[in-house]
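Chain and residue survey
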Amino acid sequence: MSNAAENVQEQEIDLAGANQVIDKYLDMKGALMPVLQGIQEFYGYVPEPTVPLVAERLNVYPSQIYGVLTFYAQFHLKPRGKYIVRVCMGTACHVKGAGRIAGTLEERLGITHAETTEDLKFTAEYVACIGACGMAPVIMVNDATYGSMSVQKMDEVIAKYKAME
Amino acid sequence: MAANAENIKVLICQGTGGLASGAAAVAKAFEDEFARQGVEAKVGKRCEVVGTGCRGLCANDVLVDIVLPGQEAVTYDFVTPELVPQIVEEHVLANEPIAKKKAGPYYAKFLEKQQRIIFSRCGTVNAESLDDFLAHNGFTGIKKAVTMTQAEVIDEVKRSGLRGRGGGGFPTGVKWSFCAASPGKTKYLICNADEGDPGAFMDRSILEGDPYGLIEGMMIGAYAIGCTFGYVYVRAEYPLAIKRLQMAIDTCYEKGFLGKNCMGLGFDFDLRIKAGAGAFVCGEETALMASIEGHRGMSRPRPPFPAVRGLWGYPTNINNVETFANVSYIFYNGADWYSSIGTEGTKGTKIFALTGKVKHTGLVEVPAGTTMKEVIYDVCGGILNNRKFKAVQAGGPSGGCLPEAALNAEVDYDSLIKAGAMMGSGGLVVMDETTCMVDIARFFLNFTRVESCGKCIPCRIGLKIMLEILERITKGEGREGDLETLEDMAYDIKKSSLCGLGQTAPNPVLSTLRYFRHEYEAHIKEKRCPSNSCKDLLKFEVVEGACKKCGLCFKICPVDAVTWEKGGVAIIDKEKCTKCTSCYDACRFMAIE
Ligand SMILES: Cc1cc2nc3c(=O)[nH]c(=O)nc-3n(C[C@H](O)[C@H](O)[C@H](O)COP(=O)(O)O)c2cc1C
Ligand code: SF4
Ligand code: SF4
Ligand code: FES
Ligand code: FES
């Protein structure tokens, strides 16, 4: 894991955003997940200081919150890169060579599953299925889906995002 | 629809596949070209660019249909923005379709054996338009349902023979009757749109391409059971599906189709989306409800069944997306019509996601009873690169791998179980001679091990031990007795796990052991991978006799490790080679091992 992520954690977190998210769901049954999803959307991850806040305002134990945060693949407790590269490791993609797509990513960026580059630009994530299996192997960069990947195409996509701000 | 039947229509696939292939740029190119050329004035008709849902043949996206008034639609595939001016010039303006760019005869073949009922709107109408939905039977099903009593509605579903499409195949009408019979006023209806099965994407396509159809099916269910609140639990990896469904729900609220006194039909129904958070076990219904309640998605023992004690402790009915989509059509056309399609034990059509080493990957809707062979060879064009078929994996991580000899199995809940697989959600992953079956078993076990919620020991520890054995075998470190251990453990885990995940997780191992035992034995006894696929056992050498000197490996190698000259045998430089396996997959003659 990169230490870049650790450094950022020391920063102060402005809790106003989290409070706004909580306000929105306060009266809803089963508010915990949407609140955590909202917080993650706002900060890009779930910062530690928001956990006691959520616990107090939703009246749940912090342990339940951590239970949820660590159970679901979707939640992240550390800051992530600007570009989240999701490499599909599902059956269809596996059969069509997802392994070498992941290998290329690891080689070019020096990170593997759940890791972030030092400059906080890229995060790699291996996921179970993106649901575009007809175009396997598939990757997603943030919300954009790229199908029929090959090692060359993977290189092109990485180069494209490297060149972007 | 009649009002704009005179319009020229450009239907552009805007499913996830279409958008990934650049559908947005193609749509913009059409709009720009129509404006630039003043096409509407020239032809005296409105030109409409319509974004549809998935058409099924995602591998050939961007798919575009040009529909001139009074003429059959003409389909183009692999459309790029560069091609648009030519299509507009020759086809729209001069009415001369561009023969060379049309989707080939395989597209007609792809459709020939299909019966696209559930998909009839998906891919042909504007997925975001309520008007389009209404023009294609939309909401006529719920209108018909409310003229019947609740018991009559349930009876109609029973008579249709519809069985749940989420995997188990439980009769839908019977399930509804349990929940309807539970006492109490507060009840919940849940649509399971988790679609955790890797290799399946039919539910996603329905959500993206026909969201109103799903809402209608849920309304009918809610009316029948007598509940007023519903959730759609959608996996978070489906951002477009969530967006389209939310838009459809919002529109329904605006028009009074959802909420208090829906459509003025005399019943209330509220519908909300819950975004999942990435855990396969959350597709299991008790885990799914725990997740909606804001807990970890852990399964719990049944009984009590959800129909008795479900969400927040109230009676709850859970069905899959495709199941609800079927319900709408049963009420458009009647139970008798529905039960006339399919086989004795499986009525209606089934949607399959065909992926892997098949020519035309995509979504296919066929009447139950069609054989595997027809689906793979007739609809999807057979195996890629003229390789030999080896197996088809049906039913996802809970299913099994069927060999060639089982290809005459009909797609039907019961025939597939007899053959050693299961329908599951309908994912079919086709494998050719380059796929190693031991590796596939390892792959699935790794998946289920990671996704196990960890509550029970056989599933948590047992799968891990099985996985370690399989990993050893694929590395050439298999031992005498491994296969017997695998089999013993498989049966024990199936028997003693709490939920469906653990109970079915060993299936891929058992079915590959049943049909492909010789491959396991080759790994263990000869330290050899017969499909030349396990990386640790692959030599990365070109077999001189087999090499047809085509140079494909040379072209594909990303690190220039292959030397090849026209007319010569390729040679792999082992120093440079990163063992990425690109060349191995690309070679059409199995000349690399
Ligand atoms: C581990 C596991 C995962 C499942 N995943 C899904 C899923 O992603 N989608 C789904 O509809 N059903 C899934 N199911 C089946 C559901 O629990 C449930 O049986 C189904 O949604 C009922 O709907 P149906 O009667 O319409 O088929 C899963 C079951 C298990 C045991
Ligand atoms: S079988 Fe596996 S997934 Fe299911 S409850 Fe047990 S540990 Fe959890
Ligand atoms: S395995 Fe990859 S790196 Fe090695 S020769 Fe083949 S294509 Fe090149
Ligand atoms: S298996 Fe990769 S997108 Fe589904
Ligand atoms: S997404 Fe376009 S055909 Fe499937």
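Treat the numbers as computed from the prediction; the structure is a model and nothing was measured. (Residues numbered from 1 in each chain as written. Chains lettered and ligands numbered in written order. Predicted model: local features only at pLDDT ≥ 70, side-chain atom pairs only at ≥ 80, totals over all residues. Heavy atoms only, no water.)

Tallying the contact residues gives 37 residues for chain A and 60 residues for chain B. When the two sides are added together, the surface that chain A and chain B hide from each other amounts to roughly 3,700 Å², 60% of it contributed by carbon and sulfur. The interface formed by chain A and chain B contains one salt bridge. Across the salt bridge formed by D585 of chain B and R100 of chain A, the nearest N and O atoms sit 3.1 Å from each other. Where chain A meets chain B, there are 18 residue pairs in polar contact (both at pLDDT 80 or more). Looking at the side of chain A that touches chain B, the elements that each hand over two or more residues are α3 (32–43), α5 (62–71), α6 (91–95) and α8 (151–163) of chain A. The leading source of residues in the side of chain A that touches chain B is α5 of chain A, at five residues. A per-class count over the side of chain A that touches chain B returns 20 nonpolar, 13 polar and four charged. (Contact = heavy atoms within 4.5 Å. Buried area = accessible area lost by both parts, 1.4 Å probe. Salt bridge = Lys/Arg side-chain N within 4 Å of Asp/Glu carboxyl O. Polar contact = N/O pair within 3.5 Å; in protein donor to acceptor, adjacent residues only side chain to side chain. Helix = DSSP H or I, 4+ residues; strand = E, 2+ residues; numbered from the N terminus. Nonpolar A, V, L, I, M, F, W, Y, C, P; charged D, E, K, R; others polar.)

The next subject is the confidence of the model for chain A. Overall, the predicted model of chain A reaches an average pLDDT of 88, with 93% of residues at or above 70. Throughout residues 1–8 of chain A the model reports pLDDT below 50, and contacts reaching past four residues in sequence, or to other chains, amount to 13 contacts. (pLDDT = per-residue confidence, 0-100.)

Moving on, we get to the packing of aromatic side chains. A full pass over the atoms with the stated rule returns 22 aromatic pairs over all chains. For the ring pair F443 of chain B and F444 of chain B, a centre distance of 5.3 Å and an interplane angle of 75 degrees mean the geometry is edge-to-face. The buried category is assigned to F443 of chain B, whose relative accessible area is 8%. Look at F444 of chain B and you get buried, because its relative accessible area is 0%. By way of ring pairs, the aromatic residues Y83, F122, Y146 and Y161 of chain A are connected into one cluster. (Phe/Tyr/Trp six-rings, centres within 6.5 Å; stacked < 30°, edge-to-face > 60°. Buried < 20%, exposed > 50% of the residue type's maximum accessible area, 1.4 Å probe, protein only.)

Moving on: the sheet that holds strand β3 (residues 64–67) of chain B. Note: strands within a sheet are paired through backbone hydrogen bonds, in either parallel or antiparallel orientation. Residue and element names in this part refer to chain B. Spatial strand order, β2-β1-β3-β4: four strands in an open sheet with mixed pairing. Of all strands in the sheet, those with a lone pairing partner are β2 (47–52) and β4 (74–76), marking the two edges. Within this sheet the neighbouring strands show an average axis-to-axis angle of 20 degrees, counted without direction. Across three bridges, β3 lies against β4 in antiparallel orientation. Paired with D65 across the bridge in β4 is T75. (Pairing = 2+ DSSP bridges. Axes fitted to C-alpha atoms, helices over the stretch in contact; angles between N-to-C directions.)

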